[in-house]
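As a plain string of letters, each chain reads:
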Amino acid sequence: MKSQKKDIRSLTKEQLRDVFVANGDKAFRGNQVYEWLWNKGAHSFDDMTNISKATREMLDANFVINHIEVDSMQRSKDGTIKNAIKLHDGLIVESVLIPTEKRTTACVSSQVGCSLDCKFCATARLKRMRNLNPDEIYDQVLAIDQQSRLYHDHKLTNIVFMGMGEPLMNYNNVIKAIDKITSPEGLGMSAKRITLSTSGVPKMIKKMADDEVKFNLAVSLHSAIDEVRTSIMPFNSTFPLKDLKEALEYWYEKTNRKITYEYVVWRGINDRKEDIDALVAFCKHVPAKVNLIEYNPIDDGEFQQASDRALNNYISNLEMHDIVVNVRRSRGKDIDAACGQLANKS
Ligand code: SAH
């Protein structure tokens, strides 16, 4: 039978303190338990050695600690680590550690599966099963921070929400997780080192601006022409470029922070001169830079990386218009850990 006990990590620190007060104990106990739950990663009340046995039993009678587990781990030749993370209900998501010379980046998931249907993305082939809870997002980061310390001798430096799922379709939980990640009581990481990547949900981009979030925004653009974008990212028919553009203008007005466009160039899809011109024009609306991402094939041959010539055309045209452009090589391809390859193959 499914446990009726409440997930203790759904409580705020204040609520946890109240539990103890209601039980005739000191509110301060709540702080101690909170630390066990969020900083020391306790998986059971019995781990909480500075808490009396009677109190541990009271907690155990009323609450569960839902926690994630690294179900399996694969290491790529280039040092990238892909983790299959098992959630308390048995579902699996994937999270990746990407090392570069000076940094380690955690690529984390926000949903089990994805509600969007980007034609080039492996995750889109899994239907969306559910949103991740704040603690499930936070715990992925915690697990990868531990791997960073273990394999790279330093703590995690960056986080990207580019794993499975669309973070803006699970906004509240993602924000709660980021609050915890950046709080001194959590991991104390700077929001400047966090990037949320979205396929572009205009209403939610505006909400983020209103909420004055401090992390960075990346948008998976892939085309600045509506017909092309709709053919590869069908939800674009609901959120057309005009609305996206307006939301991004709003974002920049409020935050003054540059946007990153992620962009893959595919043969015969968006490798024409008019595709480049449209991107250049789109980049004029708000200050932005472009990351040209290498395509990571997902089984069928419908999508193919464009020629170097097409890529170079993009680069020279963007640079001619003073738009910063980076070419991002994929990491972890040999273990299906690269962008768009997360699909629970294991
Ligand atoms: N839903 C969010 C985050 C997940 S995808 C978003 O759309 O931004 C993370 C990035 O990988 C996105 O830029 C996405 O467009 C890109 N991507 C998806 N499939 C890919 C593939 N097969 N090869 C390269 N990049 C891919």
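Computed from a predicted model, the values in this text were never measured in an experiment. (Residues numbered from 1 in each chain as written. Predicted model: local features only at pLDDT ≥ 70, side-chain atom pairs only at ≥ 80, totals over all residues. Heavy atoms only, no water.)

Visitor: Is there a simple way to explain the nonpolar core in this structure?
Guide: One broad trend across soluble globular proteins is that nonpolar side chains are buried collectively. Formed by 111 residues in total, the largest nonpolar core has its most connected members in Ile8, Met208, Leu248 and Tyr261. When residues are assigned to domains, this core turns out to be shared by domain 1 (6-64) and domain 2 (69-335), each giving three or more. (Core = buried A, V, L, I, M, F, W, Y, C linked by side-chain atoms within 4.5 Å. Buried < 20%, exposed > 50% of the residue type's maximum accessible area, 1.4 Å probe, protein only. Domains from an automatic or database assignment.)

Visitor: Mind showing me how you'd approach the site of the ligand here?
Guide: Taken together, 19 residues lie near the ligand, and Ser197, Ser220, His222, Glu262 and Asn296 sit nearest. Note that a nitrogen atom of the ligand is positioned 3.1 Å from one of the side-chain N or O atoms of Glu166. The contact in question runs from an oxygen atom of the ligand to an N or O atom on the side chain of Ser220, over 2.6 Å. Notes on the ligand: free accessible area 530 Å², of which the protein chains cover 96%. A breakdown of the residues in the shell around the ligand according to their chemical character gives seven nonpolar, nine polar and three charged. (Near = heavy atom within 4 Å. Polar contact = N/O pair within 3.5 Å; in protein donor to acceptor, adjacent residues only side chain to side chain. Areas by Shrake-Rupley, 256 points an atom, 1.4 Å probe, with all protein chains shown as cover. Nonpolar A, V, L, I, M, F, W, Y, C, P; charged D, E, K, R; others polar.)

Visitor: What's the story with the sheet that holds strand β4 (residues 81-86) in this structure? I'm lost.
Guide: Strand-to-strand pairing in sheets goes through backbone hydrogen bonds, with the strands running parallel or antiparallel. Here ten strands make up an open sheet; going across it, the order is β3-β4-β5-β6-β9-β10-β11-β12-β13-β14 and the pairing mixed. Each edge of the open sheet carries a strand with a single partner, namely β3 (69-75) and β14 (325-328). Ignoring strand direction, the axes of neighbouring strands in this sheet form an average angle of 25°. As defined by bridge partners, strand β6 (residues 104-107) adjoins strand β9 (residues 158-161) across three bridges and the pair is classed as parallel. Across the sheet, residue Thr105 finds its bridge partner in β9, namely Asn158. The sheet strands contacting helix α9 (residues 273-283) are β12 (259-263) and β13 (288-293), and the helix crosses β12 at an angle near 165°. (Pairing = 2+ DSSP bridges. Helix = DSSP H or I, 4+ residues; strand = E, 2+ residues; numbered from the N terminus. Axes fitted to C-alpha atoms, helices over the stretch in contact; angles between N-to-C directions. Contact = heavy atoms within 4.5 Å.)

Visitor: Help me understand the pairing of strand β11 (residues 216-220) in this model?
Guide: In terms of burial, β11 is largely enclosed, as four of its five residues are buried. Inspection of the sheet shows strand β10 (residues 194-198) paired to β11 by four bridges, in the parallel sense. When the sheet's bridge partners are listed, Thr195 is paired in β11 with Asn216. Handedness of the crossover joining β10 and β11 through helix α6 (residues 202-210) is recorded here as right-handed. In the sheet, β11 pairs with β12 via three bridges, with the strands oriented parallel. In the strand pairing of β12, Ser220 is matched with Glu262. (Right-handed = clockwise from strand over helix to strand, strands pointing away.)

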